[in-house]
Number of protein chains: 2
Amino acid sequence: MTNGSESTAAGAPPLELVPLGGLGEFGMNMMVVACGDTAILIDAGVMFPEPELLGVDLIIPDLRQLQQYRIQALVLTHGHEDHIGAVAHVLPHVDGPIYGTPLTLALVEPKLAELEDARSRLYAVRPRDRVTVGSFTLEFLRVTHSMPDCVAVAMRTPAGVVLHTGDFKIDQTPLDGEHVDFHRLAQLGAEGVLVLLGDSTNIERKGVSGSERDVIDGFEEIFTSAQGRIVIAMFASSLYRMQIVLDLAFQFDRRVAFVGRGVIENSQIAERLGYLRIPPGVQIRDSDVRNFPSQDVVCICTGSQGEPQAALPRIAIDDHRHVKLEHDDVVVFSAREIPGNEKAIGRVMNHVARRGADVVYEGIKHVHVSGHGSEEELKLMLSLVRPKYFVPIHGEYRQLARHARVAARVSAGTKVVLAENGDLIRIDRDGARVAEKVPAGRILIDGTRSGEVGDEVLRDRRHLAGDGLVVPVVAIGRQSGAVEETPDVITRGFVLDARTETLLKEVPGLVAAAIESASIEERTDPGLIKEKIRVDLQRFFRKRSGLRPLVLPVVMEI
Amino acid sequence: MTNGSESTAAGAPPLELVPLGGLGEFGMNMMVVACGDTAILIDAGVMFPEPELLGVDLIIPDLRQLQQYRIQALVLTHGHEDHIGAVAHVLPHVDGPIYGTPLTLALVEPKLAELEDARSRLYAVRPRDRVTVGSFTLEFLRVTHSMPDCVAVAMRTPAGVVLHTGDFKIDQTPLDGEHVDFHRLAQLGAEGVLVLLGDSTNIERKGVSGSERDVIDGFEEIFTSAQGRIVIAMFASSLYRMQIVLDLAFQFDRRVAFVGRGVIENSQIAERLGYLRIPPGVQIRDSDVRNFPSQDVVCICTGSQGEPQAALPRIAIDDHRHVKLEHDDVVVFSAREIPGNEKAIGRVMNHVARRGADVVYEGIKHVHVSGHGSEEELKLMLSLVRPKYFVPIHGEYRQLARHARVAARVSAGTKVVLAENGDLIRIDRDGARVAEKVPAGRILIDGTRSGEVGDEVLRDRRHLAGDGLVVPVVAIGRQSGAVEETPDVITRGFVLDARTETLLKEVPGLVAAAIESASIEERTDPGLIKEKIRVDLQRFFRKRSGLRPLVLPVVMEI
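Starting from 1, residues in each chain are numbered consecutively following that chain's sequence as written. Lettering for chains starts from A, numbering for ligands starts from 1, and both go in the order in which the items are written. Selection of residues for local features in this predicted model requires a pLDDT of at least 70, selection of side-chain atom pairs for listing and counting requires 80 or more, and totals for whole chains, interfaces and linings are taken over all residues. Only hydrogens and water are removed before side-chain values are computed, so all heavy atoms of the structure are retained for them.

## Here's the deal with the sheet that holds strand S12 (residues 195-199) of chain B
Residue and element names in this part refer to chain B.
Then, number 1: Strands are treated as partners if at least two bridges between them are detected by DSSP. To qualify as a helix, a DSSP run of H or I must reach at least 4 residues; to qualify as a strand, a run of E must reach at least 2; elements of each kind are numbered from the N terminus. In space, the seven strands of this open sheet follow the order S8-S9-S10-S11-S12-S19-S20, with mixed pairing throughout. For this open sheet the edge positions go to strand S8 (130-133) and strand S20 (415-416), each flanked by a neighbour on one side alone.
Then, number 2: Relative to strand S11 (residues 160-164), strand S10 (residues 150-157) is paired through five bridges, and the arrangement is antiparallel. When the sheet's bridge partners are listed, Met155 is paired in S11 with Val162.

What follows is the structure in structure tokens.
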């Protein structure tokens, strides 16, 4: 018994856990683990903004608290954007290597394009590898999730063992044969784990989430019955899903085109590293789709969340260079609906139906399976690890709270600490508790500017001479899609001089032109038309004046 | 065979069907049925606006096309707002009685408060009743749904029989013993139905939706295990659900308080008419909740959609006069999430979890059942009625399109007409088709003004002297909830004179005060805080000047 009656190893310094993201929201996962003179950061994720935050491309955690530590390593559990998207932003705060599995690092690499020396800091690890960071020994343990090469991290610290699950489910039939490392988890549990940090995403689901393989039957039915093209939207990271589709295409003698930047890039990376096996002769280019009969083609697309600029949403309104939907086509949404995106996704589905194509999604056929473990899987993790303390991570407050209740039922001996971003958890001989509140929050990132933009971007921007906020207000007839009157323009923090006034006078005309050049479907879809107006106006200001105001279109449907 | 080889009865005038709402969206259901010199309107529903349309309380269909007909009756299928909410608005266009079942009419009556003579036009009907309107004979047929006293309408017209299902599912064990009138539907099917208009809401769900009784087990588990209060949010029209909760409360010796205007009013109406039986001694007033031990209380609340002003959302942030959540309480969301409301509902759930109460919803326990038939039920309707023509109604385009596909499989002899709002469907000896496009769209209604507001409300408002648009722009720290700088105010169509400028100067302070007087939870919840700012500022302008600008707060979380 390594940690029996006492909370931490005798004489050990206190352990500090500082969640900076992912506790109280889905996304931007980030956690500091510190003990004595050693501190590491687990994951550096982003979150994608809600549609209201036009002009904002990414959201990352407030990083101020990192300055309180000398972070000696960044440890990445897997390659999803909510775990690696902010790597470039946190690197200045990390004085040491970046650890991750080969696939994870390959997905990080393109993000470091402008940080040449950063690549030399990437350090590939494999399951069961151990590395030493200051007074910590880190061990990587295989877990299964919706993409390959995911790990949990066991940290042997002076205070005891900290186990961070990363994102996981328990896929008993993983497509790549890489099982959860039950044996090492059990061994750690037997030896004594001080604190478990466990993924809470799916705690509200009963039972088990199921294997990635579970969607094969649903897709087989689609391949058997589809008369025309099969168009499948998925997350660009859904490499298992891609493999399943590629194998079925080979079996059913169809060609596969990747359509959209994300799926093209990720499939290339994964194929190069051996995580995706493309059967010979199956792949064609997106520009070749039109050269094959419909019944011979499968398209794997971006846009499963209804993002206006992605492949499927453009295809759905007949606005894609290479792919045009036809009557017998089947369009499959093979992804979950991220909360907040339901209406945008619904609109894309309606556009697809208008093209005469059949719409298939999770509610209709089993074409998606979650990568996060459900209640029984999360319980199994707790039972195997049987930690002294448990901190639910990755979820909104209600998922964390529910996971806390479940954990208390699984083991009366486990003490649960329910914390949110910015809660500094201290574990010492007196036990575990939220000891203080530290700075935490969100930084809004505008990808059109280079480098990092501070958390005062929106405030600053409104004060910058010649910058500011431009709000075009336009009324569109819902049925007609027509501009009902000359658009108005409201500005704020936008310096009015002779030059900018001339520019502003052109805005109503530009807004009207943007709307008139749009298809009827774009015009009657507030999400699409706002995005079009925003892109057009930002380009106009940038080209004509170098100004980069925040453009926030208000579209009223009347 | 009344209509064998020919499409309509020999020598009959053509039949016209004009959907004005509900075909291409969920909500604001409305359909003109016209043949020869007779025209009637089926349902007069509203839709509730998306959060972006602040200042708009309701949306109703564009009614211009009604002027093309002499509408001789308004026929209501049931008492949901998306079928009766616009009755006051359409009445000026109806030259005749309003038919509906007793419960439906009782729910309509309060809407006619300012139209005294309108009440004399209400005409109660019961299932199997027949009434004559011009050259039509209408017959009402019992169907089951999520509320009592719902009917389908069979219209015998000179061209043939038109059957409108209303909203329905096939509840084989209805709580009130009122079964779907299978026998009459079968009889009509045997005699020959020209056209069936069928509810498409749940066509994407496989199998059957289940009985209203199906939630009893889930609620029984909650009543058995709950240590504290049981707080249940539901639609105000969920009278079966209320009955189930009242009966369980009686059985488990708990008292029930209705909390929130909608559930209070509807429960009173339903009890008065005998649609709700409140067991003796069970009901208490909301103001008495605090006088009973937690474990003896059930609250039936409004706010299942996260509406900021409704009961549960206020309770969740400790801002309700009578009800305060405690640690052992259980909060049940006994309703579906209407698309677009997911984030608002999620925020309310997080607030509830922060109070330490347990959150239960459909995904966790079977505490909600849909009132709309799933695929097998919709097929059964098609099989019983086996119409010559079928028009899918009530759904977004993709549901209508899917229902069309399913109908084609059910009966090769049925011709499907896929139409949207504003498509005038004409059925004559040459068949059925969309013959022309007629005006259709949306009218935005501002409930703070009396009477009807035309579809130009937003445009007009911006031109009215002293009216216009006021956009307070405020930046709030996401974690702190603090106002990060003095709020800005943007105006448009708001006449600036000495008086209004004085008013505007007060706005930043008012916005800051509104935020400061809010709880931390309100402040960090964009939906709640926008609503609070809007309400406060509208009140300010109205009281101080009689002005009613559209207030559209922009809240940036930083």
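## Some words on the confidence of the model for chain A
Do not read the predicted coordinates in detail wherever pLDDT is low.
All names here are of chain A.
Then, number 1: pLDDT: the predictor's confidence for each residue, scored from 0 to 100. Looking at chain A as a whole, the pLDDT averages 89, with 90% of positions reaching at least 70.
Then, number 2: Any two residues whose heavy atoms approach within 4.5 Å are treated as being in contact. With pLDDT under 50 throughout, residues 1-5 is counted as low confidence; its partners more than four residues away or in other chains account for eight contacts.
Then, number 3: Overall fold confidence for the complex sits at a pTM of 0.81, while the interface term, ipTM, reaches 0.78.

## Quick notes on the packing of helix H11 (residues 375-385) of chain B against helix H12 (residues 397-410) of chain B
All names here are of chain B.
Then, number 1: Their axes nearest at 10 Å, the elements H11 and H12 cross at an angle of 50°. Relative to H12, the element H11 lies oblique. Crossing of H11 over H12 shows right-handed handedness. Contacts between H11 and H12 pair Glu375, Leu378, Lys379, Leu382 and Ser383 from the former with His403, Val406, Ala407, Arg409 and Val410 from the latter.
Then, number 2: Residues are sorted three ways: Asp, Glu, Lys and Arg are charged, Ala, Val, Leu, Ile, Met, Phe, Trp, Tyr, Cys and Pro are nonpolar, and all the rest, Gly among them, are polar. When grouped by side-chain class, the residues that make up the contact of H11 with H12 number five nonpolar, two polar and three charged. Where helices are involved, their axes are fitted lines through C-alpha atoms of the stretch in contact, as for all axes, and angles between N-to-C directions lie from 0 to 180°. Working rule for angles: under 35 degrees goes down as roughly parallel, over 145 as roughly antiparallel, 65 to 115 as roughly perpendicular, anything else as oblique. When the near helix sits turned anticlockwise from the far one by under a right angle, the crossing is termed left-handed; a clockwise turn instead gives a right-handed crossing.

## What to know about the sheet that holds strand S19 (residues 389-393) of chain A
Residues and elements named next belong to chain A.
Then, number 1: Reading across the sheet, the seven strands line up as S8-S9-S10-S11-S12-S19-S20 and stay open at both edges, with mixed pairing between neighbours. Each edge of the open sheet carries a strand with a single partner, namely strand S8 (130-133) and strand S20 (415-416).
Then, number 2: The sheet strands contacting helix H11 (residues 375-385) are strand S11 (160-164), strand S12 (195-199) and S19, and the helix crosses S12 at an angle near 165°.
Then, number 3: Against the sheet, helix H12 (residues 397-410) makes contact with S12, S19 and S20, and its axis sits at roughly 150° relative to S19, the strand it touches most.

## Digging into H12 of chain B
For the α-helix, the turn length of 3.6 residues means that residues three or four positions removed from each other point alike.
Residue and element names in this part refer to chain B.
Then, number 1: By definition here, a helix of n residues has an expected span of 1.5 Å times n minus one. Along its 14 residues, H12 runs 20 Å from first to last C-alpha, staying within 8% of the 20 Å computed at 1.5 Å per residue.
Then, number 2: Exposure categories follow from relative accessible area, calculated using a 1.4 Å probe and restricted to protein chains: below 20% of the type maximum is buried, above 50% is exposed, and the middle band is partly exposed. In terms of residue burial, H12 counts as a mostly covered element, since 10 of its 14 residues are buried.
Then, number 3: Regarding H12, the residues found buried are Tyr397, Arg398, Gln399, Leu400, Ala401, Arg402, His403, Ala404, Val406 and Ala407.

## A closer look at the packing of aromatic side chains
Then, number 1: For Phe, Tyr and Trp, rings pair up if their centres lie within 6.5 Å, where Trp contributes its six-membered ring, and each pair is then called stacked (planes under 30 degrees apart), edge-to-face (over 60) or tilted (otherwise). Tallied over the full model, the rule gives eight aromatic pairs over all chains.
Then, number 2: Between Tyr99 of chain B and Tyr123 of chain B the ring centres are 5.2 Å apart and the planes differ by 75°, which places this aromatic pair in the edge-to-face class. Taken together, the residues Tyr99 of chain B in strand S6 (residues 98-100) and Tyr123 of chain B in strand S7 (residues 122-124) connect sequence positions 24 residues apart.
Then, number 3: Judged by relative accessible area, which is 6%, Tyr99 of chain B ranks as buried.
Then, number 4: Taking relative accessible area as the criterion, Tyr123 of chain B reaches 44% and is therefore assigned partly exposed.
Then, number 5: Measuring from centroid to centroid gives 5.5 Å for Phe223 of chain B and Phe252 of chain B, while their planes differ by 40°, and the two rings are tilted. With Phe223 of chain B in helix H6 (residues 216-225) and Phe252 of chain B in the loop between helix H7 (239-251) and strand S14 (255-259), this pair connects stretches of sequence that are 29 residues apart.
Then, number 6: Under the relative-accessibility criterion, Phe223 of chain B is labelled buried at 3%.
Then, number 7: The structure contains a cluster of three or more aromatic residues connected by ring pairs, namely Tyr99, Tyr123 and Phe140 of chain A.
Then, number 8: Note on geometry: a ring has a charge over it if NZ (lysine) or CZ (arginine) is within 6 Å of the ring centre and within 35 degrees of the ring normal. Here Arg354 of chain B stacks its cationic end above the ring of Tyr397 of chain A, 4.7 Å away from the centre of that ring.

## A short note on helix H8 (residues 261-273) of chain A
All names here are of chain A.
Then, number 1: In this model, H8 (13 residues) spans 19 Å end to end at C-alpha, consistent with the 18 Å of a helix rising 1.5 Å per residue.
Then, number 2: For H8, every residue scored as buried is listed here: Val263, Asn266, Ser267, Ile269 and Ala270. Viewed end-on, H8 has its buried residues packed into an arc of 165°, placing them on one side of the element. Among the exposed residues of H8, those oriented more than 90 degrees off its buried face are Arg261 and Arg272.
Then, number 3: Looking one or two residues beyond H8, the residue adopting positive phi is Gly274, at roughly 85°. Our arc is simply the arc of the directions from the helix axis toward the C-beta atoms.

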